Amino acid sequence: MINIVLPIDFSDATDKLLEGALKFAKETRGKICLIHVAPADIGFAIGDMGFQYFPEVEQNEIKEEFLRLNNLQQKVIAHDVDCEHMLKQGVAGDIILEYAKEKNAGYIVMGSHGRSNMYDVFVGSLTKELTRRSPIPVLVIPIH
């Protein structure tokens, strides 16, 4: 069975990305390995007293994102596709590539929002980064 790493950011395009990944997984008899990478600074805020860390904010956000991953996993399983998931904090590109290596993945499935090159210059594109850095094929699904 081929492992397909599917990074999820919980954006409005998640359902369309999941739909494309499910189709691909069924065609290849693959297993979907969902991963969500939360920012490392999720519990930090800046205010009058400078940077402050609120562990309860971080814990609540991580719990909510983990529940969302569980729900997505159940959606995938309901379509008769094997699925597992992982939630980590840190730098998304690095963690996704580490996870793909750990899972001996055959593919990483990413979405393309169809934004302009100017957007990539100022904000960056995780999909673009992974297609450049990944030693395994990256399947890009248009989600615009």
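Everything numeric here is computed off the predicted structure, so don't read it as measured data.

Read across the sheet, five strands follow the order 5-2-1-6-7 without closing on themselves; strand pairing throughout is parallel. Among the strands making up the open sheet, the edge pair consists of strand 5 (83–89) and strand 7 (138–142). Taken pair by pair, the neighbouring strands of this sheet meet at an average axis angle of 25 degrees, ignoring direction. In this sheet, strand 6 (residues 107–112) lies alongside strand 1 (residues 3–7) in parallel orientation, the contact comprising two bridges. Bridge pairing links Ile4 to Tyr107 in strand 6. The strands that helix 3 (residues 92–102) touches are strand 1, strand 2 (31–38), strand 5 and strand 6; relative to strand 2, the one it contacts most, it runs at about 155 degrees.

So, about unusual backbone geometry. Of note, Asp80 is a non-glycine position whose phi angle comes to about 60 degrees, a positive value. In this structure, Asn104 is a non-glycine residue whose phi angle is positive, near 50 degrees. Looking at where Asn104 falls in the secondary structure, it is placed in the loop between helix 3 and strand 6. Using a relative accessible area of 66% as the deciding quantity, one classes Asn104 as exposed.

The next subject is the environment of Ala100. Following the sequence through the fold, Ala100 ends up in helix 3. Each C-alpha atom, one on Ala100 and one on Pro135, is 9.7 Å from the other, the two residues being 35 residues apart in sequence. Contacts of Ala100, omitting those with residues within four sequence positions, involve Val5, Ala105, Ile108 and Ile136.

Pairing is possible between side chains that carry opposite charge, provided their charged atoms lie close to one another. Following the criterion strictly, the structure yields five salt bridges and no others. When the shortest N-O distance is used, the salt bridge between Glu84 and Lys31 registers 2.6 Å. Taken together, the positions of Glu84 in strand 5 and Lys31 in strand 2 put the pair 53 residues apart, joining distant regions of the chain. Ionic pairing is found between Asp94 and Arg133, a salt bridge with its closest N-O pair at 2.9 Å. Linking Asp94 in helix 3 with Arg133 in helix 5 (residues 126–133), this pair joins segments that are 39 residues apart in sequence. Salt bridges linked by common partners bring Lys31, Glu84 and Lys103 together as one network.

Another point: the nonpolar core. Membership of the largest hydrophobic core comes to 22 residues, with the highest contact counts inside it found for Leu6, Leu18, Ile32, Leu34, Val76 and Val109. Broken down by element, the residue count for this core peaks at six residues, all from helix 1 (residues 14–28). Beyond its immediate sequence surroundings of up to four residues, Ile32 is in contact with Ile4, Leu6, Ala21, Leu22, Ala25, Val76, Val81, Asp82, Cys83 and Glu84. Listed in part, the 15 residues of the second largest apolar core include Ile35, Tyr99, Ala105 and Leu130.

Averaged over the protein, the pLDDT score is 87; the fraction of residues at 70 or greater is 81%. Predicted confidence in the protein is weakest over helix 4 (residues 117–123), with a mean pLDDT of 46, and strongest over strand 1, with 98.

When helix 3 is considered as a whole, its buried residues turn out to be Gly93, Ile95, Ile96, Leu97, Tyr99 and Ala100. For helix 3, the elements touching its buried residues are strand 1, strand 2, strand 5, strand 6 and helix 5. Looking one or two residues past helix 3, Asn104 carries a phi angle of roughly 50 degrees, positive in sign.

Definitions and limits used
Residues numbered from 1 in each chain as written. Predicted model: local features only at pLDDT ≥ 70, side-chain atom pairs only at ≥ 80, totals over all residues. Heavy atoms only, no water. Pairing = 2+ DSSP bridges. Helix = DSSP H or I, 4+ residues; strand = E, 2+ residues; numbered from the N terminus. Axes fitted to C-alpha atoms, helices over the stretch in contact; angles between N-to-C directions. Contact = heavy atoms within 4.5 Å. Buried < 20%, exposed > 50% of the residue type's maximum accessible area, 1.4 Å probe, protein only. Salt bridge = Lys/Arg side-chain N within 4 Å of Asp/Glu carboxyl O. Core = buried A, V, L, I, M, F, W, Y, C linked by side-chain atoms within 4.5 Å. pLDDT = per-residue confidence, 0-100.

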